[in-house]
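Structure assessment
Chain by chain, the residues:
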Amino acid sequence: MAWEEWNQLKAEAAAREPTTQMQLNQVDGGGGGVTGTPSKYGDLTVSQSDLAKIGEHAFSLYNDLWDKARRAVPSSETAAGKLSKDGFALGGGLQHVATRWDEQLSSLRDACAHISNHMRVTKKIHSGDDEYIRRQMSSIDLLDGGFDERVGPPGERNNVYGDKNDSKKKAD
């Protein structure tokens, strides 16, 4: 792609796209202040039972890998030893394959164990995070609400400052 072509593509893309603006993923209700908790408008949730199921499946897979996937390793190592002893080069190759299989199987079992253990504590660790974030965001909304001088709906004059006609009568 030539430099001129690249510049042309950038210019075309810039012409199609409006200028970058900030966008919030929430619509202001018009009243300011706290608009509600995230669960009212959608929340990514996972229950303890969901995490427990994932952990159970990972633990089951961990055990199955030991019981079923490792069955071939001892017999392969025995066969490799006999072949090597009898002078066959195939024995070294079979031993290499059996060793690599066992190493990869150990890595996979470690990953399953990590998942199983992680799922046990994930919900507990992160359950307070959502509440903390909600509290922080609520306090910002409340602070913003303190600077809002509106008493009535947006666009109407604040009655605290009196009636428009009162100021004209005082001037007369």
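Residues numbered from 1 in each chain as written. Predicted model: local features only at pLDDT ≥ 70, side-chain atom pairs only at ≥ 80, totals over all residues. Heavy atoms only, no water.

Let's talk about the overall build of the protein
Heads up, the condition is: Where helices and strands are cited, they refer to DSSP runs of H or I of at least four residues and of E of at least two residues respectively, numbered from the N terminus. To sort residues, take the accessible area from a 1.4 Å probe on protein chains only and compare it with the maximum for the residue type: under 20% means buried, over 50% means exposed, and anything in between is partly exposed. Here the accessible surface of atoms and residues is derived via Shrake-Rupley with a 1.4 Å probe, and residues count as covered only by protein chains that are part of the display.
Per the secondary structure count, the protein includes five helices and zero strands. Reading the secondary structure of the protein in the N-to-C direction produces α-α-α-α-α. Taking all 172 residues of the protein together, 10% fall into the buried category. A total accessible area of about 14,300 Å² is found for the protein, and carbon and sulfur atoms account for 57% of it.

Quick word on the pattern of salt bridges
Stated precisely, the cut-off is as follows: Salt bridges are counted wherever a side-chain nitrogen of Lys or Arg sits within 4 Å of a carboxyl oxygen of Asp or Glu.
The final tally for this structure, using the stated rule, is two salt bridges. Between arginine 100 and glutamate 103 there is a salt bridge, with its nearest N and O atoms 2.8 Å apart. Here the residue arginine 100 and the residue glutamate 103 both occupy positions in helix 4 (residues 90-146), the gap between them amounting to three residues, near one helical turn. Residue arginine 100 is classed as partly exposed on the basis of its relative accessible area, which comes to 40%.

Focus on a nonpolar patch on the surface
Rule in force here: The patches reported here contain residues having more than 30% relative accessible area and no salt bridge. Joining distances are 9 Å for like charges and 5 Å for nonpolar side chains (Val, Leu, Ile, Met, Phe, Trp, Tyr).
Together, Trp3, Trp6 and Leu9 line one region of the surface with nonpolar side chains, adding up to about 360 Å² of accessible area. On the secondary structure map, leucine 9 appears in helix 1 (residues 3-16). In this structure leucine 9 comes out as partly exposed when scored by relative accessible area, which is 37%.

Topic: the packing of aromatic side chains
Aromatic ring pairs: the centre-centre distance and the angle between the two ring planes describe each pair. Rules: Here a Phe, Tyr or Trp ring, Trp counted by its six-membered ring, pairs with any other such ring whose centre lies within 6.5 Å, and the pair is stacked when the planes are under 30 degrees apart, edge-to-face when over 60, and tilted otherwise.
According to the stated counting rule, one finds one aromatic pair in the structure shown. Where phenylalanine 59 meets tyrosine 62, the ring centres are 6.4 Å apart and the plane angle is 15 degrees; that geometry is what we call stacked. Of this pair, phenylalanine 59 and tyrosine 62 both sit in helix 2 (residues 48-69), three residues apart, which is roughly one turn of that helix. When its relative accessible area of 24% is taken as the criterion, tyrosine 62 is described as partly exposed.

What is shown is where atoms sit, not what they do.
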